[in-house]
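So the chains spell out like this:
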Amino acid sequence: MRALTYKIVSFIIVTLFLPLQCMSAEKFKVVLDPGHGGRDCGAIGIKKKIYEKDLNLKVALRVGELLKPDENTEVIFTRKKDFFIPLDERPKIANRAQADLFISIHANASESTAVNGFETYTLGESRNDVSVRENKVAELEENYRNKYNFKDDTDENFIFSNMMLDAGSGGEMSIRLAQLVQSQFKENTDRVDREVRQANFWVLKHILMPGVLIEMGYLSNTIEEDYLSKEENLEKVALSIYQAIVMYKDEFIKKSKTLDDVKDESVEDEIVYRVQLFSSNQKLPANSAKFKTCTPAIELQEGGLYKYMYGKVTTFADAQLLRSKAKMEFPDAFIVVFKNGEKLVGAEARPYLK
Ligand SMILES: [Zn+2]
C-alpha cells in the first residue's frame, strides 16, 4: 500500500510538470553538465595527474561552442568555470530550464589500470562501481547524509516517474541518445567501445527529461590518460557529443512533426498502452525463454533494435497494473503509449500518462 502511495504522489509530481514539458515553437534546450568542479576534482590521472573536472569542462565548453551557430538550439551550462556545485543543483538547473536534453560529461577511473574505453549511461536501478564513485562527490557537501538518500529507495517516486515515462532518463529516448553518442565516439576516436549501460546515477534520477551520463575514458589507464591530455583528442570527443546531439534533435523533431500530421487527420484517436520489457540487438524467437511469463511478447523494430513489449490495454490505470506485473520479472519495464498505431515519444506521450 505504501508503494502505491509513492506512485500516486510521484504521478501527481509528474502531472504538475506536464505543462512545462510541452514542446512548442520554443528552442531545443540542451543542458551540458561538466561533472565535478572546484574542490571536487573527480578522477585524477594515474601518471600525469590530470584532473577529470578540467577535462569535463573543456569538452562541455567546446560542445557548447559547436552548438552555438544553430539558432534553434539553446545551450545551458550547469557550470562554465572551475567551481563546486552541489550534486542536487545540477538536475534542478535542467528542470528549471524545462530542458529537452541533459548531458552530463565525465571521465572514469577504475581500480584496474587495464580497463579503458568510453561508455554512456542512462538511468537504471543497479548501483555499479561507476555510479557509486560519481555519486560519492555529494560527501563533499555539508549535511549530505540528510540531503541525499543513496541506499534507501524511499526516493522511489523519482525512479518511478523516470523509469515509467519513456521520456525520462531511464526511457528509450535516453537510450537512443546514448547509442548515438557511442556510435559517434566509435567513428571519431580509435578506442574501445564499452557500449551503452544503465546505472543509478543521482543526477540522472532527478531530471525530468531524457538524459545521459558520458564517461569519455579512464584516467586510471596510462594510454587513455595520455589520449585525453591532448587537445586534438578532446576536440574529437567534443565533436562526437555534438554530432550525437544534432542527430538526436533531428530524429526527435521529425518524429514530433509526423505525430502532428497524424493528429490533424484523425477523427477519433485510438490509444493503446503496452509495457516494454527490454530491447535487444538480436531478433528473438516468439517462444524465447527471455520473455519469462510475459508472453506473447510484441516486437517493434526501431533504431536498429528489437524492442519487446507485452500486453495491450486502453487505460493508464490498467497500464500501471500491467507494468507492476512485468516489473517483477523485468525491473526496468516501462509504459509505452501508441496513438493510432504510432508510438508516442517524449512530450507527446505525457498527456496520456494520467
Ligand atoms: Zn565524474
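Draft legend 1. Inspection of the pairing of strand β1 (residues 28-34) at higher detail. In terms of residue burial, β1 counts as a mostly covered element, since five of its seven residues are buried. Both β1 and strand β2 (residues 73-77) contribute to a ladder of five bridges, which runs parallel. Within β2, the residue paired with F28 across the bridge is T73. Tracing the backbone out of β1, into helix α2 (residues 52-67) and back to the parallel element β2 gives a crossover that is right-handed. Sheet topology note: the β1/strand β3 (residues 101-108) ladder contains five bridges and is parallel. Within the sheet, the bridge partner assigned to P34 lies in β3 and is I105.

Draft legend 2. Inspection of α2 at higher detail. Taking 1.5 Å of rise per residue, 16 residues should cover 22 Å, and α2 covers 23 Å from first to last C-alpha, within 8% of that figure. Three or more residues of α2 are buried, namely E52, K53, L55, N56, L57, V59, A60 and V63.

Draft legend 3. Expanded view of the sheet that holds strand β11 (residues 342-343). Reading across the sheet, the five strands line up as β8-β9-β7-β10-β11 and stay open at both edges, with antiparallel pairing between neighbours. Taken across any chain shown, the strands that pair with only one partner, and hence form the sheet edges, are β8 (297-302) and β11. Along the sheet, helix α11 (residues 316-329) contacts β7 (271-280), β9 (305-313) and β10 (334-339); its crossing angle with β7, the most-contacted strand, is approximately 20 degrees.

Draft legend 4. Up close: the pairing of β9. Here β7 pairs with β9 via six bridges, running antiparallel. Bridge pairing links S279 to K307 in β9. Where β8 meets β9, six bridges bridge the pair, whose relative direction is antiparallel. Paired with L300 across the two strands is K307, which belongs to β9.

Draft legend 5. Just the nonpolar core, in detail. Among the nonpolar cores identified, the biggest contains 75 residues, and L101, I103, L177, V181, I241 and L277 are the most heavily contacted of them. In this structure, this core is formed jointly by two domains, domain 1 (2-252) and domain 2 (266-352), each of which donates at least three residues. Not counting the four nearest positions on each side in its chain, V181 is found in contact with T120, V212, I214, S240, I241 and A244.

Rules used in this analysis
- Residues numbered from 1 in each chain as written.
- Predicted model: local features only at pLDDT ≥ 70, side-chain atom pairs only at ≥ 80, totals over all residues.
- Buried ≥ 20, exposed ≤ 12 C-beta atoms within 10 Å, placed from the backbone.
- Helix = DSSP H or I, 4+ residues; strand = E, 2+ residues; numbered from the N terminus.
- Pairing = 2+ DSSP bridges.
- Right-handed = clockwise from strand over helix to strand, strands pointing away.
- Expected span 1.5 Å × (residues − 1).
- Contact = placed C-beta atoms within 7 Å.
- Axes fitted to C-alpha atoms, helices over the stretch in contact; angles between N-to-C directions.
- Core = buried A, V, L, I, M, F, W, Y, C linked by C-beta atoms within 7 Å.
- Domains from an automatic or database assignment.

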